[in-house]
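Overview (structure and organization)
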Protein chains: 2
Amino acid sequence: MSNIKIPPPRPETRRRSPTGEPRSLGASEAVERQRVRARLLNAGVAPTIQRLEIGRIVFRGPIHISADELHQKLEASSFPVSRATIYNTLKLFVEKGLLREIVVSAERVYYDSTTDLHHHFYDVETGELTDIPAEEVTVTRFPPPPAHMTADEVEVLIRIRKSA
Amino acid sequence: MSNIKIPPPRPETRRRSPTGEPRSLGASEAVERQRVRARLLNAGVAPTIQRLEIGRIVFRGPIHISADELHQKLEASSFPVSRATIYNTLKLFVEKGLLREIVVSAERVYYDSTTDLHHHFYDVETGELTDIPAEEVTVTRFPPPPAHMTADEVEVLIRIRKSA
DNA sequence: TTGAATGCAAACGCTTTGCACTCGG
DNA sequence: CCGAGTGCAAAGCGTTTGCATTCAA
């Protein structure tokens, strides 16, 4: 019955220096930010600082990343972003077609920077995902969908494990 | 966040009256229990009453069911089983090869009574799953797995939606 | 008798939500 | 000034665990 409640701490309102981060940024970094910004604008997403930082990680190249991994990466970098914002942003990016959700394991959702249809190798032991371009898989035959349904996407998952 | 979808009931129990009222006795039920018991014993699972009741639901025919749906079914029947036992049992059944886990949506795990390799139609709106026998799909070509890895299973998921 | 199985409630991990604060146009 | 965005804490939800009780060999 009795619920052991942790006494509510009284944290101070968090404040971040508004502009404060850009240290010596190389030209390449500026270009990269510019590219991320363009991509966000193009998708109709307002390019806030947090979204740009998330985009810098997530749009760098093909990647499969969970919300928590992203959070840790941002912690590690000098630009922490709150969990709420990370979840909001990932969800937004998916809606806007900038990321794709992958659900292969029950414990967490992965976000895939490759948004067009493709397939995956899935290492059942480590959970690691490897992209397979759509052209490298051929599904020659499958039955018609149930009545009044149309096939939308055919997705192939190949479970792999260490060779014996 | 509210697709409490119920997998299509398989009305192929033709010995049951259309109203589906719980028979109080009958040779068929005894036979069914006997079959479930045999199946459990054969898999090295001690046939307790709860496991038999769960097996009666889950081994009746092709089914995709979540832990919670199973819990509700047992509540509805005259044989409630605690959540802990349901989760324990489903996990055990998977370990023993009596059920197969399906993860297509982040919100819950489904358990598939068909344990040999097969594929699925997945209704992206309702979450409903439909089995596709392995022979009805042909994957003719896919790239070799990464180094020191071997392909274990090739699983095809076909996302479907209502025809326009 | 004794280990396995069960069941309740509490704990847990991931994700979402409520709401006050901040920012930029 | 206002609406969009952010961040914290708390809530939510599915699942797991700790542990006392019950069952079955």
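To be clear, the structure that these remarks concern was listed above.
Counting restarts for each chain: residues are numbered from 1 in the order of the written sequence. All chains are assigned letters beginning at A, and all ligands numbers beginning at 1, according to the order in which they are written. Predicted model: local features are reported for residues with pLDDT of at least 70 only, side-chain atom pairs are reported and counted for 80 or more only, and whole-chain, interface and lining totals are derived from all residues. Heavy atoms throughout the structure, all of them, feed into the side-chain values; hydrogens and water do not.

The next point concerns the packing of aromatic side chains. All names here are of chain A. Here a pair means two rings of Phe, Tyr or Trp (six-membered ring of Trp) with centres within 6.5 Å. Their orientation is stacked below 30 degrees between planes, edge-to-face above 60, and tilted elsewhere. In the structure shown here, the tally under the stated rule is 2 aromatic pairs over all chains. With a centroid separation of 5.6 Å and an interplanar angle of 20 degrees, the aromatic rings of Phe59 and Phe93 are classed as stacked. Taken together, the residues span a long stretch of sequence, with Phe59 in the loop between helix H2 (49-58) and strand E1 (64-66) and Phe93 in helix H4 (residues 83-95) at a distance of 34 residues. Burial status follows relative accessibility: with a 1.4 Å probe on protein chains alone, a residue under 20% of its type maximum counts as buried, one over 50% as exposed, and anything between as partly exposed. Taking relative accessible area as the criterion, Phe59 reaches 14% and is therefore assigned buried. Assessed through its relative accessible area of 0%, Phe93 is described here as buried. Comment: elements are numbered from the N terminus, with helices defined as DSSP H or I runs of at least four residues and strands as E runs of at least two.

What follows deals with the interface of chain B and chain A. Two residues form a contact once any of their heavy atoms are found within 4.5 Å. Residue-level contacts link 37 residues of chain B with 37 residues of chain A. The salt bridge criterion pairs a side-chain nitrogen of Lys or Arg with a carboxyl oxygen of Asp or Glu, the two atoms within 4 Å. Summed over the shared surface of chain B and chain A, the number is 6 salt bridges. With its nearest N and O atoms 3.3 Å apart, the salt bridge here joins B:Arg159 to A:Glu153. We call two N or O atoms a polar contact when they sit within 3.5 Å, provided that within protein one can donate a hydrogen and the other can accept it, with sequence-adjacent residues counted only if both atoms are side-chain atoms. If you look at where chain B meets chain A, you find 22 residue pairs in polar contact (both at pLDDT 80 or more). When contributions to the side of chain B that touches chain A are tallied by element, the ones reaching two or more residues are strand E4 (118-123), strand E5 (129-133), strand E6 (138-141) and strand E7 (149-162) of chain B. A per-element tally of the side of chain B that touches chain A places E7(B) first, with 14 residues. Split into classes, the residues belonging to the side of chain B that touches chain A amount to 20 nonpolar, 7 polar and 10 charged. Each pair of strands is called paired provided DSSP finds at least two bridges between the two strands. Pairing analysis gives 13 bridges linking strand E7 (residues 149-162) of chain A to E7(B), with the strands arranged antiparallel. Gly is placed with the polar residues, together with every amino acid not listed as nonpolar (Ala, Val, Leu, Ile, Met, Phe, Trp, Tyr, Cys and Pro) or charged (Asp, Glu, Lys and Arg).

The next point concerns empty space enclosed by the protein. Points on a 1 Å grid over protein atoms alone make up a cavity when a 1.4 Å probe fits among them but cannot get out, and a pocket when they form an open set with protein on both sides within 12 Å along at least five of seven lines; lining residues each have an atom within 4 Å of a point. Grid points are joined across faces, edges and corners, and a volume is the space filled by probe spheres set on the points. One pass over the structure, following the stated rule, counts 1 cavity of 30 Å³ or more. When its volume is computed, the largest cavity comes out at roughly 40 Å³. Contributing to the lining of the largest cavity are A:Arg159, B:Arg100, B:Glu101, B:Ile102, B:His118, B:His120 and B:Glu155. Where the lining of the largest cavity is concerned, the elements lending two or more residues are strand E2 (100-102) and E4 of chain B. For the lining of the largest cavity, the element with the most residues is E2(B), which contributes 3 residues. Residues of the lining of the largest cavity, tallied by class, amount to 1 nonpolar, 2 polar and 4 charged.

Distances and angles like these do not, on their own, reveal function.
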